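# Commentary on secondary and tertiary structure
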2 protein chains.
Amino acid sequence: MTRPSRAAVLLFAAALVAAPAWSAGTEQAAPAVDPAVLARIRDAALSSDWAYQRLSDLTDKIGPRLSGSPQAEAAVTQVAAALQAAGLSVTLQPAKVPHWVRGEEQAELVDYPGRPEGLTQQLRLTTLGGSVATPKKGITAPVLVVHSFDDLKAHAAEAKGRIVLFDKAFDQDLASNGQAMAAYIQAVAYRVQGASAAARVGAVAALIRSVGGADFRLPHTGVMRYEDDVPKIPTAALTAEDAMLVGRLAAQGPVSLHLTLTPQTLPDADSYNVLADLPGSDKPDEVVLVSGHLDSWDLAQGAIDDGAGVTAAMGAVQLLKSLGLQAHRTIRVVAWMNEENGSGGSKAYFAANKDKLAQQIAVIESDSGAGKPLGVIASVTPDSLAKLAPVTAALQPIGATALERRDGEVGADIAPLQEAGVPGFAPMVDTREYFFYHHTAADTLDKVKPEYLRRQVATMAVLAYYLAQMPEPLARVQAEK
Amino acid sequence: MTRPSRAAVLLFAAALVAAPAWSAGTEQAAPAVDPAVLARIRDAALSSDWAYQRLSDLTDKIGPRLSGSPQAEAAVTQVAAALQAAGLSVTLQPAKVPHWVRGEEQAELVDYPGRPEGLTQQLRLTTLGGSVATPKKGITAPVLVVHSFDDLKAHAAEAKGRIVLFDKAFDQDLASNGQAMAAYIQAVAYRVQGASAAARVGAVAALIRSVGGADFRLPHTGVMRYEDDVPKIPTAALTAEDAMLVGRLAAQGPVSLHLTLTPQTLPDADSYNVLADLPGSDKPDEVVLVSGHLDSWDLAQGAIDDGAGVTAAMGAVQLLKSLGLQAHRTIRVVAWMNEENGSGGSKAYFAANKDKLAQQIAVIESDSGAGKPLGVIASVTPDSLAKLAPVTAALQPIGATALERRDGEVGADIAPLQEAGVPGFAPMVDTREYFFYHHTAADTLDKVKPEYLRRQVATMAVLAYYLAQMPEPLARVQAEK
């Protein structure tokens, strides 16, 4: 096989071509990992609702699970019990996490061109995770609408004492075209960095247009970060509709807002990653990690972010255990804590394993929702890609045959391990509508199709087993310069 | 032309066939209404943004306009001024309207099967218009989930002391298939009658599943009515997602809710319909009414319900005036007050005209949103239908050629006039997504495409001018037995 390009590669054809080599009755060498076993794993996944039942338990019985909350702790307990009951060897790995609590969130248009005497308008918004509070009675200030960081710089002289609104639209066309992450990255910079950028030019608060592609007046929350050298100012996301409204009014004349946000940042809390091992038969110290994150934002049950991912990971390993399969290497479920606002779980795992990174053979994280599984994203060396053909061949009956090589991070929690050279993987799923719901109140169980979750379990179980069973691990990946 | 069936009739073909009869140079009689004038009206509408500008003013400058609110009064003033400035003869017609004010609305799952010790879950809901309040501290009660009125009867013995949830799904497939109103009627019975039905069997509160077809966790408000012979109990709409959650949990065991609703019903308020006449040249006492409603629910700006309808009606008559056209009969804009919760405006108009109903020649109301205009819905006698062919012929270039005869009401405000025999009309628009947004916070200006609003103005202006210019009025319609 020719060396694949460094760019994304789809191996539909390779998977199909590879299949006959493993047919019974040929004289070729037996494959290193028995394709019949991979097929058995896939088929068992497609007839199991264990993962969906866990997802139902997590979302229906607990609800939102923001780090530091009693709900997050209940999720740790619930998931640990489920993995224990599945016969896996469970460990709680301590992690320090932030404990941020949303308070009131209100915004009112108190002046604008053409306002009828005495009237105001309520806007819909949600405080961004990590934001400081306004004074209890709120602040009233004129609004400066900008569309980019450059635009803010161009209007820096007008920002002092104002509430800056970054009115940057999420590019749903891009997202609908299979580039949801690119669309997210474009817009999310304002969520993460907007407050400090606005504070740097003297603003008293920062608002963004919600990072999401639907038009149902939903505010999208998410983490923000303060830079150390500027004052911390309160920050929130308006719905797209309200950002557009403020933009239209501001184009006609001065607009003033009254803004009240009363979040609290409490002392960091003690929490846990949930680890559950299916020990390897002869290389138990070598680990293939299969993961998703257990925490969610606080506006909804976090069914697609990331209930589906974490329960698919759990389901993949429960399935292997229930089939009595044991690979050469250990397969480890990790239900990460605190992906959303601090990566405390990810840091704790890395710290606990930093002296034995060579034993971390491969890391898989599912954190792109519960859309139709399409294949596998692999952050591996170009030469490694072809070695994955048996995985996509096994997934052929469910159509999850795309195999895309990507440089760099494919999951937030596994990023430190990837940076240390560990090959990283994620199931590829349809994300065209992911950012309709992401970080909103509408991220609820009904958004997950049981059949797609079964297919995601199939994808992760086949991939994890294959990676744990290969005679030689895949090559380590050089970090990008 | 053969007599059309009483069923819905699409006159695409008739419109096309009729056209040649009006071509210049034939020896046939000139048409009663000059098709060139209808074409001129249409084309002028397609190049005018007057209606969209009025819609922007109404939604962006005022916001929600529930009857009795200061915003509704500001809307009366704004719209009257705009119609006056357009050169029409404006009258404010007094109407008594309810004054209901939404208060707090909270629901919390306080017990359910599998609930982790000490945890509860917040639900999303909105109080239904007209509901009484719970005590200030709320009520806590077990939930009885039913799926229909029959189901409630079957479980009547279990309802005493409970909160009844009517978990009836809106049939979006039906709505997507061009039967949005049928889908609405199926589900809305529970919104309107649910509270009294539940009270009749001893329930302490009633919840419904929101009447709407999208999945973005939006509660849909709307009016409800109490029957006189049972206690008034508080009532609200859960989001579809939350209704499903409660349903799933209740299927596993007892569920209890804490419900707090604090609406207030204040004394009836004085308000107004805004009437604006373009007087007829020789039959000024005969009136063709072109209308939409000015009030909206209080959760959003009411851009599609019914800002688009009322501003399209205004735009239709402003357009005729700006073109210097005067029909035989008077064309009257009515911006109705209080369509949403009491029909105070509709009743006031009928009362003021009940002794001169013969002068009400035809009534048009647009109240199905701002979707793509598709043609005209006509509640007329079967024989009248063919006489409308010139209207759809004129609308041929924008594709609004469907002509559907319907028995009975085609608009809530014009229903009393229709019942008295006046031919009734509505623009037919694409309503497949109307109930995604109807009565929710997401009914905002961005949902209205300016081009579709222009086409709706074209439809209403051509229809209104034609009806006002026909030599003989259309036949009166017998009320259905």
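Every chain's residues receive numbers from 1 upward, in the order its sequence appears when written. Throughout, the order in which chains and ligands are written sets their labels, letters from A for the former and numbers from 1 for the latter. It should be noted that, the model being predicted, local features are given only for residues of pLDDT at least 70 and side-chain atom pairs only at 80 or more, the latter also being counted only at that level, while totals for whole chains, interfaces and linings use all residues.

## Let's talk about the domain arrangement of chain A
Interface size, as often reported, equals the accessible area lost upon joining of the parts. All names here are of chain A. Keep this limit in mind: Boundaries of every domain are those given by an automatic assignment or by a domain database. Contacts are defined on C-beta atoms placed from the backbone: any two residues whose C-beta positions lie within 7 Å are in contact. The residue classification treats Ala, Val, Leu, Ile, Met, Phe, Trp, Tyr, Cys and Pro as nonpolar and Asp, Glu, Lys and Arg as charged. All others, Gly included, are polar.
Each assigned domain of chain A is listed with its residue range as follows: domain 1 (12–98 + 267–469) and domain 2 (103–262). Using C-alpha coordinates to define each centre, domain 1 is positioned 35 Å away from domain 2. Counting from both sides, the interface comprises 14 residues of domain 1 and, opposite them, 17 residues of domain 2. Taken together, the residues that form the side of domain 1 that touches domain 2 break down as 7 nonpolar, 5 polar and 2 charged.

## Here's the deal with helix α14 (residues 450–469) of chain A
Using the following cut-off: Under the scheme used here, helices are H or I runs from DSSP no shorter than 4 residues and strands are E runs no shorter than 2 residues, and both carry numbers assigned from the N terminus. Working rule for helices: expected span equals 1.5 Å times residues minus one. Residues with at least 20 neighbouring C-beta atoms inside 10 Å of their own are called buried, those with 12 or fewer are called exposed, and the rest are partly exposed, where every C-beta is derived from the backbone.
Spanning 20 residues, α14(A) covers 28 Å between terminal C-alpha atoms, matching the ideal 28 Å at 1.5 Å per step. Counting buried positions along α14(A) gives 18 out of 20 residues, so the element sits mostly inside the fold.

## Overview of the sheet that holds strand β6 (residues 163–166) of chain B
Residues and elements named next belong to chain B. Selection rule: Here the rule is simple: two strands pair whenever DSSP picks up at least two bridges between them. For helices, the fitted axis covers only the stretch in contact; all axes are lines through C-alpha atoms, and the angles between them, taken along N-to-C directions, range from 0 to 180 degrees.
Across the sheet, 8 strands lie side by side as β3-β2-β9-β5-β6-β7-β8-β4; this open sheet has mixed pairing. A single partner strand is all that each edge strand has here, and the edge strands are β3 (121–123) and β4 (125–127). In this sheet, neighbouring strand axes are inclined to one another by 35° on average, regardless of whether the strands run parallel or antiparallel. In terms of strand pairing, β6 meets strand β7 (residues 205–209) through 4 bridges, oriented parallel. Bridging across to β7, I163 finds its partner in A205. In the packing of helix α7 (residues 180–200) onto the sheet, contacts are made with β6, β7 and β8 (235–238), and the angle to β7 comes to roughly 150°.

## Looking at the packing of helix α9 (residues 303–322) of chain A against α14(A)
All names here are of chain A. Formally: Should an angle lie under 35 degrees it is considered roughly parallel, over 145 roughly antiparallel, and from 65 to 115 roughly perpendicular; all remaining angles are considered oblique. Should the near helix be turned anticlockwise from the far one by less than a right angle, the crossing is left-handed, and should it be turned clockwise, the crossing is right-handed.
At a minimum axis separation of 8 Å, α9 and α14 run at an interaxial angle of 55°. Taken as axis vectors, α9 and α14 run oblique relative to one another. In this structure, the crossing between α9 and α14 has a hand that is right-handed. When α9 is examined against α14, the residues A308, A312, A313, G315, A316, L319 and L320 are found in contact with a partner set consisting of L453, Q456, V457, M460, A461, A464 and Y465.

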